[in-house]
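Architecture and fold: a report
In case you want the letters, here they are:
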Amino acid sequence: MFASSTAGAVPIIRCARGNAAEMVAVKLDKKLRENLRDARNSLFTGDNLGTGQFSFQRPLLVLVDRNIDLATPLHHTWTYQALVHDVLDFHLNRVNLEECPEMENSSSGARPKKKNKKSYDLTVADKFWQKHKGSPFPEVAESVQQELESYRAQEDEVKRLKTIMGLEGEDEGAISMLSDNTAKLTSAVSSLPELLEKKRLIDLHTNVATAVLEHIKTRKLDVYFEYEEKLMSKSTLDKSLLDIISDPDAGTPEDKMRLFLIYYITSAQPLSEFDLEQYRKALEDASCNLTPLNYIKQWKAFAKMASAPASYGIGAAKSKGLLSRVMNTGSQFVMEGVKNLVLKQQNLPVTRILDSLMEVKSNPETDDYRYFDPKMLRANDSSVPRNKNPFQEAIVFVVGGGNYIEYQNLVDYIKTKQAKHILYGCTELFNAAQFVKQLSQLGQK
């Protein structure tokens, strides 16, 4: 409601039937109607109206329930921001890292120093972050290396100019050269604050990206990401799921559980009791907590009665080989053995639903969505849209929690649409570990 009121326009509200999002939509529609009828307490009067009162285009508010897509929050990711949120301590745009302890000598012998914690703010002022937060990790690593090489070249130029400034000689050539280099040095010195800020950002992203890379290598996250992409796109699998679950060197118990849950969610055919027991034993042997599976089984049974599970329609990521072939030999990142995966852009379920509603397309997924117009005198329970023109602005709100994978998918989608704007919101923003914990709690009930 805050987004719609500050935008100064009353939104058209759309939602699916029979879930928490519908309950929110009904209450929101009622609240907006009350405010529109009461001139003394209206959210849409005074300064709040802004340009909204003169706009012929009203925004679309799409309320979706987390249950329409349980696989995406579990998915291992490959983009920078989503990876940082998934594998590091990242909250409110601040990432906290623990530095590896060094050894210190004492009378009792060598012992590790206490771990130092460092915090880094990843904000809109950080140009590198703004440019690369949605990029695949291999591109980020390469860009950090390029920025570092660019900085070193500038630093070397300043040092060279300082050395030349010590020129001796009174001939005109030397004086002319001195004059030219003085101007160059003055220019270099004036850009020193910018150079120092560039160095700070390079150090920041070198440390953050190195920490992410450590997780990728030790947990084989590239293998998990590629395999899950194939599962969700119904592509041919080149390795048995049991082999990955049983591999002691591939991921943590939580990684294995996430992979299996995605397999279970996206399977078109229900697993036989024999197959399920095989997977259950392999997961238990890998020390996995099986309580999330209890909830997913209940959800899948309900989803089967209500409608078919969400279709992902995403293309599997393609590997261009190993990252060590991409990086320069002098790189800060030792990436040998990590796959250089290239993302294929496709719409996730939430993006696909938004596209259908925003463009007013007929789609089996959204044809039965409820339609609320708080400006109408009487509430009318209908799924027939009265607005026939495509929307230019939309707010997507996920009841039950959102994630950076979904957010980035919407960002990539809107880049293909000219002069259109989207806001993404959710009841909470969680990473996969927090989502698995929620599923465990639900599975215990």
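Structure shown above.
Here goes a summary of the coordinates provided. (Residues numbered from 1 in each chain as written. Predicted model: local features only at pLDDT ≥ 70, side-chain atom pairs only at ≥ 80, totals over all residues. Heavy atoms only, no water.)

Considering the packing of helix α10 (residues 253-266) against helix α11 (residues 273-285)
- At a minimum axis separation of 11 Å, α10 and α11 run at an interaxial angle of 165 degrees. Overall, the two elements α10 and α11 adopt an arrangement that is roughly antiparallel. With respect to the hand of their crossing, α10 and α11 are arranged in left-handed fashion. Touching Lys256, Met257, Phe260, Tyr263 and Tyr264 of α10 are Leu276, Tyr279 and Leu283, all from α11.
- Residues belonging to the contact of α10 with α11 are distributed by class as follows: seven nonpolar, no polar and one charged. (Axes fitted to C-alpha atoms, helices over the stretch in contact; angles between N-to-C directions. Helix = DSSP H or I, 4+ residues; strand = E, 2+ residues; numbered from the N terminus. Parallel < 35°, antiparallel > 145°, perpendicular 65-115°, else oblique. Left-handed = near helix turned anticlockwise from the far one by under 90°. Contact = heavy atoms within 4.5 Å. Nonpolar A, V, L, I, M, F, W, Y, C, P; charged D, E, K, R; others polar.)

Topic: the sheet that holds strand β7 (residues 117-121)
- The sheet built from three strands is open, its strands ordered β3-β4-β7 with antiparallel pairing. Two strands lie at the open edges of the sheet, namely β3 (89-91) and β7, each paired on one side alone. Each neighbouring strand pair of the sheet contributes to a mean axis angle of 20 degrees, computed without reference to strand direction.
- Note that β3 and strand β4 (residues 94-98) share three bridges and pair antiparallel. Bridge pairing in β4 places Asp89 opposite Asn96. (Pairing = 2+ DSSP bridges.)

Things to note about the pattern of salt bridges
- For the structure shown, the criterion picks out 22 salt bridges.
- Lys281 is paired through a salt bridge with Asp285; the nearest N and O atoms lie 3.1 Å apart. On the criterion of helical spacing, the pair formed by Lys281 and Asp285 is a turn pair, its members being four residues apart in helix α11.
- Note that Lys420 is salt-bridged to Glu359, the shortest N-O span being 2.7 Å. A residue pair is termed long-range when its members are at least 10 positions apart, and Lys420 in the loop between α15 (404-414) and β12 (421-426) and Glu359 in the loop between α14 (349-358) and β10 (370-372) qualify at 61 residues. Considered together, Lys420 and Glu359 belong to a single accessibility category, that of buried residues. (Salt bridge = Lys/Arg side-chain N within 4 Å of Asp/Glu carboxyl O. Buried < 20%, exposed > 50% of the residue type's maximum accessible area, 1.4 Å probe, protein only.)

These figures capture arrangement, not role.
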